[in-house]
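Report on the structure
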Amino acid sequence: MSDNIQTVTVLSKTTWTPNLFSFTVSRPGSFKFTAGQFVRLGVNPSQLHYYKQNEANHINANEAPNEDIFRAYSIVSSPFDEVLEFFSIVIPDGAFTSQLQHLEVGDELLLNTMPFGFLTLARYQKPLPKDLWLLATGTGLAPFLSMLQDLKTWEDYEHIILAYSARSIEELAYLDTIKNLQENFGTLVEHPAKLIFIPIVTREPVEGALTERLPKLLLDGTLQERAGIALDVESTHVMLCGNPEMVEDTKETLKSLGLVMNRRGEGNIAVENYW
């Protein structure tokens with residue numbers, strides 16, 4: 001086993017919907033990361049309690065792959081938390097998530113302790129921080145929650161707009177966490193950013209939520225109007241994370257509105273692609 005691979009233990013699991021769940025694992029003492037980064041997690045399905053304890057139901061470890069399967073996961077938790085939290089979708093035929101959904105407290109996973117990714121606020125050198133737009137669909141919320149639990153984010157910006165899109169209200173996870181972010185973190189700095197949360201539900205009407213896809217909401221100005229803040233090439237940082245179609249379409253929409261990709265520290269738009 002590589003020196004970068006460490007065993008971690010599942011400490012808790014939260015099921016949001018049949019296809020969405022979160023879980024926490026122990027954090028190796030030497031592991032460090034920057035808010036917004038992702039890691040590679042590994043599971044050996046044959047070692048999960050689900051298979052070992054269900055022989056009476058004709059489910060046993062022999063039916064599960066006996067191999068280490070790794071996938072990339074953004075970290076939900078703050079860089080300063082004592083545990084690591086992850087947010088996962090279940091892909092029915094997916095080699096990884098179809099097994100990971102069976103996680104139970106006490107199961108062991110593998111963690112590659114080399115963090116990856118450049119969806120971090122440190123990438124922005126110009127324009128200087130003022131308005132931060134965090135645009136997420138589904139589990140793409142994860143890196144933004146990590147950033148919003150880092151006090152430096154609250155210190156550096158004047159406004160933080162979190163627009164979070166899902167198909168149904170049930171799929172809008174972490175709403176209680178989001179509701180308490182300003183109080184739990186903003187109050188810990190002298191001049192905190194103002195957090196503006198904009199929920200978006202695309203397949204059912206929900207009071208207080210917008211209903212269209214992010215590119216349309218940006219193009220017709222609805223999102224900016226709801227936030228009360230304009231997109232400005234001189235003051236706007238925009239981060240995108242979520243399904244690849246949303247990321248691509250929204251990126252192109254933002255470019256059509258005059259914003260530019262962030263390269264070598266300069267520019268407005270940053271995206272993460274690890275699908």
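Above: the structure in question.
No experiment lies behind these values; they were computed from the predicted model shown.

One ladder, built from 5 bridges, connects strand β1 (residues 5-17) with strand β6 (residues 108-116); its direction is antiparallel. Residue pairing for β6: threonine 9 is matched across the bridge by glutamate 108. Pairing of β1 with strand β2 (residues 20-26), which is carried by 6 bridges, proceeds in the antiparallel orientation. By the bridge assignment for β2, lysine 13 is matched with phenylalanine 23. Linking β1 back to β2 in an antiparallel pair, the connection comprises 2 residues.

Let us now look at the layout of surface pockets. Counted as a void, the second largest pocket has a volume near 240 Å³. Around the second largest pocket, the lining comprises 14 residues; the ones closest to its centre are Leu121, Ala122, Asp150, Lys152 and Asp156. In terms of residue count, helix α4 (residues 151-156) provides more of the lining of the second largest pocket than any other element does, 3 residues in total. Of the residues that constitute the lining of the second largest pocket, the class distribution is 7 nonpolar, 4 polar and 3 charged.

Bringing the sheet that holds β6 into the picture now. Spatially, 6 strands are ordered β4-β3-β6-β1-β2-β5 in an open sheet, and the strand pairing comes out antiparallel. Each edge of the sheet is formed by a strand with only one pairing partner; in this case those strands are β4 (69-74) and β5 (83-89). Ignoring strand direction, the axes of neighbouring strands in this sheet form an average angle of 40°. Bridge count for strand β3 (residues 38-43) against β4 is 6 bridges, and the pairing is antiparallel. The residue of β4 that forms the bridge with glycine 42 is phenylalanine 70.

Cut-offs applied
- Residues numbered from 1 in each chain as written.
- Predicted model: local features only at pLDDT ≥ 70, side-chain atom pairs only at ≥ 80, totals over all residues.
- Heavy atoms only, no water.
- Pairing = 2+ DSSP bridges.
- Helix = DSSP H or I, 4+ residues; strand = E, 2+ residues; numbered from the N terminus.
- 1 Å grid on protein atoms, 1.4 Å probe; cavity = no way out; pocket = protein on both sides within 12 Å on 5 of 7 lines; lining within 4 Å.
- Points joined across faces, edges and corners; volume = space filled by probe spheres on them.
- Nonpolar A, V, L, I, M, F, W, Y, C, P; charged D, E, K, R; others polar.
- Axes fitted to C-alpha atoms, helices over the stretch in contact; angles between N-to-C directions.

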